[in-house]
Amino acid sequence: MSDHAPEIDGSCVSCHVLEVEGLCVNYGKVMALCDVAFRTSCGKSVALIGPNGAGKSTLIKALAGLIRPECGEIRWRGQAMTKSSHEIAYLPQREEIDWNFPATVRGIVEMGRYPHLSWWRRFSSKDTAQVDQALESMDLLDLQDRQISALSGGQQQRAFLARALAQEAHVFLLDEPFTGLDADAQDRLTSMIGTLKMEGRLIIASHHDLDTVETIYDEVLMQATKQVAFGSVKDTFTKAIIDETYGRERRSA
């Protein structure tokens, strides 16, 4: 996958920083997310941890520019994010996707190039090469002509990761990416997240399996509508903070 790493001027850690301050999101009169603030950078993987209804998906959609916050600010590379960016890739929960949509794997991956095209420009040789590299990186070349509905859950996830690679995204926002995958597919996705991180990308994912957090992620944002804590897995993913986040629920639940 190293041939497909995004081009970064200077240090990724010092230049490609995502900052969130005082973020709040309401759905009508219902508060979905309140007072979220954290700072992270490329080359890291971040888990969003919290009970159902804690606002994890809402935060991911706000970071992707799909939801307008009630208040607060999101900054990417020092600039306020007021709309979606081709450097930010969003992968929704699998149940939100119409898998019966008549598209091939290659067609899905080619969608990643659309943000780079003006209304009049056709695919160039560079666009084709980016798609080919993305398919190869996710081991999908042999499946590129298959309908997306005919793939396994793990293969479908790889197709959408390939789309993000073709997009040349720096930030991958993954909403419950491990849900519904068998053990082999989960292991493969874990490895891919590690590779993407080492290539200099930022991975932010909502995650529900507390037993695997320490093996996949560098940082955690613990939230229960309001933010409970943010920091390294070592310092923040503790029993006391987990209990505070989940209330009476226990880590083994």
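Caption draft 1: Just the overall build of the protein, in detail. Regarding its fold elements, the protein presents 9 helices and 10 strands. Per-residue burial for the protein yields a buried fraction of 52% across its 253 residues. Considering only intrachain contacts with a sequence separation of at least 6, the fraction spanning at least 24 residues in the protein is 69%. Here the protein displays about 12,400 Å² of accessible surface, and carbon together with sulfur accounts for 47% of that area.

Caption draft 2: Seen up close, the nonpolar core. Judged by nonpolar contacts, the single largest core of 49 residues is most densely connected at Leu161 and Phe172. Broken down by element, this core gets its largest block of residues, 7 residues, from helix H5 (residues 153-166). When near neighbours in sequence (up to four residues on either side) are disregarded, leucine 161 contacts Leu91, Met138, Phe172, Leu174, Leu189, Met192 and Leu196. Judged by nonpolar contacts, the second largest core, of 26 residues, contains Leu48, Ile74, Val171 and Ile204.

Caption draft 3: Representation of helix H4 (residues 125-137). Taking 1.5 Å per residue, 13 residues should reach 18 Å; H4 reaches 18 Å between its end C-alpha atoms and fits that length. The set of residues buried in H4 consists of Asp127, Gln130, Val131, Ala134, Leu135 and Ser137. In an axial view of H4, the angular spread of the buried residues amounts to 165°, which keeps them on one side of the axis. Residues Ser125 and Glu136 are exposed on H4 and point more than 90 degrees away from its buried face. Taken together, the buried residues of H4 touch helix H3 (105-110) and H5. Backbone geometry just downstream of H4 places aspartate 139 in the positive-phi region, at approximately 55°.

Caption draft 4: Geometry of empty space enclosed by the protein. As enumerated under the stated definition, the model contains 1 cavity of 30 Å³ or more in all. Its volume calculated, the largest cavity comes out at about 40 Å³. The wall of the largest cavity is formed by Gly154, Gln157, Arg158, Leu161, Leu181, Ala185, Arg188, Leu189 and Met192. When contributions to the lining of the largest cavity are tallied by element, the ones reaching two or more residues are H5 and helix H6 (183-198). When the residues that make up the lining of the largest cavity are grouped by side-chain class, the tally is 5 nonpolar, 2 polar and 2 charged.

Cut-offs and rules
- Throughout this document, residue positions are counted from 1 along each chain, in the order its sequence is written.
- Since the coordinates come from a predicted model, pLDDT governs what is reported: local features require at least 70, and pairs of side-chain atoms require 80 or more to be given and counted, while whole-chain, interface and lining totals use all residues.
- As a convention, hydrogens and water are excluded, and side-chain values are obtained from all of the structure's heavy atoms.
- Comment: elements are numbered from the N terminus, with helices defined as DSSP H or I runs of at least four residues and strands as E runs of at least two.
- Exposure is judged per residue with a 1.4 Å probe applied to protein chains only, and the accessible area is read against the type maximum: over 50% gives exposed, under 20% gives buried, and values in between give partly exposed.
- Contacts: residue pairs with any heavy atoms within 4.5 Å of one another.
- Using a 1.4 Å probe, the Shrake-Rupley method yields the accessible areas, and only the shown protein chains count as cover for residues.
- As used in this record, nonpolar core signifies buried Ala, Val, Leu, Ile, Met, Phe, Trp, Tyr and Cys residues forming a set joined through side-chain atoms within 4.5 Å.
- A helix is expected to span 1.5 Å for every residue after the first.
- The arc in question is the one spanned by the directions pointing from the helix axis to the C-beta atoms.
- Whether a set of points on the 1 Å grid over the protein atoms alone is a cavity depends on a 1.4 Å probe fitting there but being unable to get out, while an open set qualifies as a pocket with protein on both sides within 12 Å along at least five of seven lines; lining residues are those with an atom within 4 Å of a point.
- Grid points are joined across faces, edges and corners, and a volume is the space filled by probe spheres set on the points.
- Three classes are used: nonpolar for Ala, Val, Leu, Ile, Met, Phe, Trp, Tyr, Cys and Pro, charged for Asp, Glu, Lys and Arg, and polar for all others, with Gly counted as polar.

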